[in-house]
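# Chains, contacts and geometry: an overview
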Amino acid sequence: MTSTHDILQMDLYALLGINSTATTKEIKKAYRQKALTCHPDKNPDNPKAVELFHQLSQALEVLTDAAAKAAYDKICAAKKQAEERNRKLDDKRKKIKLDLEARERHAESQSQEEVQNTRTLEEEIARLREEGSRQLEEEQRLIREQIQREREAQQQPTGDSGVERCFTRNVTPKLKLKWKCKKDDETNGGYSEDILFRLLQKYGDVLNVIVSSKKKGSAMVEFATVRAAELAVKNETGLSDNLLKISWLEGQPEVTHPGQFTSSQGLLTNERDYESVVMMRMRQAAERQRIIEQMQREDEEDAARS
């Protein structure tokens, strides 16, 4: 996660390719254009693209929130004023200034105004992270939908070394998550539904996250697309001090050779991400109950075996 110090070192306007007078609408438009090119769904094996996507998201969060933007602009303005003053100094005064800074470097301290400005920005960023950015979630949802439309528009099967993937319809992809947790650990090993959702949503739409209430260190996640589930299985490791073990629970794609496909191949490929999001939402409540019951049965079976 990008720290306040890191954000202060970045030119958020330059990152988005806009000027400081850009409107909220222009900021959103610039974010979408930039984020589409480096979205994790389009760059699953490119860590630099994922980092750039994260930085763009940070810029969107700060610049579309009035209080955070005001604090950021205030610090930027102060830095520009200081740079302007330095440029106006003549050579003699520059030497005096450099000598003074050298003597005071070990006891360097910010002015009260600089401290207050930095603290204000830190508080605004902390608030954004605690509350969650609805603006960011909405923009990322729009990007995922556009990527989905681009995939469907292609209407062509994608292969991997002569191998095609065949998906089962009407089955949403579900993963089982496990981690170390003692029975008396009230923090559940550091994981909660909210933490798991934040860790996994970067791979795609998360429909459900259910943490087992009977068995510590166990949860289930349901994704909207198989691609998102595959990325999570391949890339997500969880918290650094308590790693996640992720396995398929349901909806894992089968691998078959092109010769095994029937004439319905085009239809299967076009529908490889399953039903539309609208139909997903209609089925979500009933599906969630079924998943809970399934996890309860698995927990009881695990308890009986142990």
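Residues numbered from 1 in each chain as written. Predicted model: local features only at pLDDT ≥ 70, side-chain atom pairs only at ≥ 80, totals over all residues. Heavy atoms only, no water.

Going by the annotation in an unreviewed UniProt entry, the name recorded for the protein chain is DnaJ homolog subfamily C member 17, with Mola mola given as the source organism. The UniProt entry for the protein chain carries this comment under Function (unreviewed entry): "May negatively affect PAX8-induced thyroglobulin/TG transcription." (UniProt positions renumbered as here; feature names shortened; annotations may be inferred.)

Here strand β3 (residues 206-211) lies mainly inside the structure; six of its six residues are buried. As judged from the five bridges shared by β3 and strand β4 (residues 218-223), these two strands associate in the antiparallel manner. Pairing of Ile 210 across the sheet is with Met 220, part of β4. (Buried < 20%, exposed > 50% of the residue type's maximum accessible area, 1.4 Å probe, protein only. Helix = DSSP H or I, 4+ residues; strand = E, 2+ residues; numbered from the N terminus. Pairing = 2+ DSSP bridges.)

What follows deals with the sheet that holds strand β7 (residues 245-250). The four strands lie next to each other as β3-β4-β2-β7, forming an open sheet whose pairing is antiparallel. Both outer strands of the open sheet, β3 and β7, are each paired with one neighbouring strand and no more. When the angles between neighbouring strand axes are averaged without regard to direction, this sheet yields 25 degrees. Here helix α10 (residues 226-235) sits on the sheet in contact with β2 (174-178), β4 and β7, set at roughly 150 degrees to β7. (Axes fitted to C-alpha atoms, helices over the stretch in contact; angles between N-to-C directions. Contact = heavy atoms within 4.5 Å.)

Before going further, it helps to examine the packing of helix α3 (residues 24-38) against helix α4 (residues 47-63). Look at α3 against α4: their axes get within 9 Å of each other, and the N-to-C directions meet at 170 degrees. One element, α3, and the other, α4, form an angle in the roughly antiparallel class. As for the relative orientation of α3 and α4, their crossing is left-handed in sense. Where α3 approaches α4, its residues Ile 27, Lys 28, Tyr 31, Lys 34, Ala 35 and Cys 38 are matched on the opposing element by Ala 49, Val 50, Leu 52, Phe 53, Leu 56, Ser 57, Leu 60 and Leu 63. Taken together, the residues of the contact of α3 with α4 sort by class into eleven nonpolar, one polar and two charged. (Parallel < 35°, antiparallel > 145°, perpendicular 65-115°, else oblique. Left-handed = near helix turned anticlockwise from the far one by under 90°. Nonpolar A, V, L, I, M, F, W, Y, C, P; charged D, E, K, R; others polar.)

All chains considered together, the criterion is met by two aromatic pairs. Summarising the aromatic geometry, the rings of Tyr 13 and Tyr 72 are spaced 6.1 Å apart at their centres and angled 50 degrees between planes, so their arrangement reads as tilted. With Tyr 13 in helix α2 (residues 12-16) and Tyr 72 in helix α5 (residues 66-88), this residue pair connects regions lying 59 residues apart in the sequence. Given the relative accessible area of 7%, Tyr 13 is considered buried. (Phe/Tyr/Trp six-rings, centres within 6.5 Å; stacked < 30°, edge-to-face > 60°.)

What follows deals with the pattern of salt bridges. Considering all chains together, one arrives at eight salt bridges under this definition. Between Arg 198 and Asp 194 there is a salt bridge, with the nearest N and O atoms lying 3.2 Å from each other. Taken together, the residues span about one helical turn, with Arg 198 and Asp 194 both in helix α9 (residues 193-200) at a distance of four residues. Accessibility expressed as a relative area gives 39% for Arg 198, which makes it partly exposed. (Salt bridge = Lys/Arg side-chain N within 4 Å of Asp/Glu carboxyl O.)

For the rest of this paragraph, the subject is the pairing of β4. It is a general feature of regular strands that their side chains alternate between the two faces of the sheet. Within β4, six of the six residues are buried, which leaves it mostly tucked inside the rest of the structure. Burial along β4 is two-sided: the face carrying Ser 218, Met 220 and Glu 222 and the face carrying Ala 219, Val 221 and Phe 223 are both buried. Across five bridges, β2 lies against β4 in antiparallel orientation. The residue of β4 that forms the bridge with Leu 175 is Val 221. Counting the residues between successive antiparallel strands, the hairpin from β3 to β4 contains six residues, one of them, Gly 217, with a positive phi of roughly 70 degrees.

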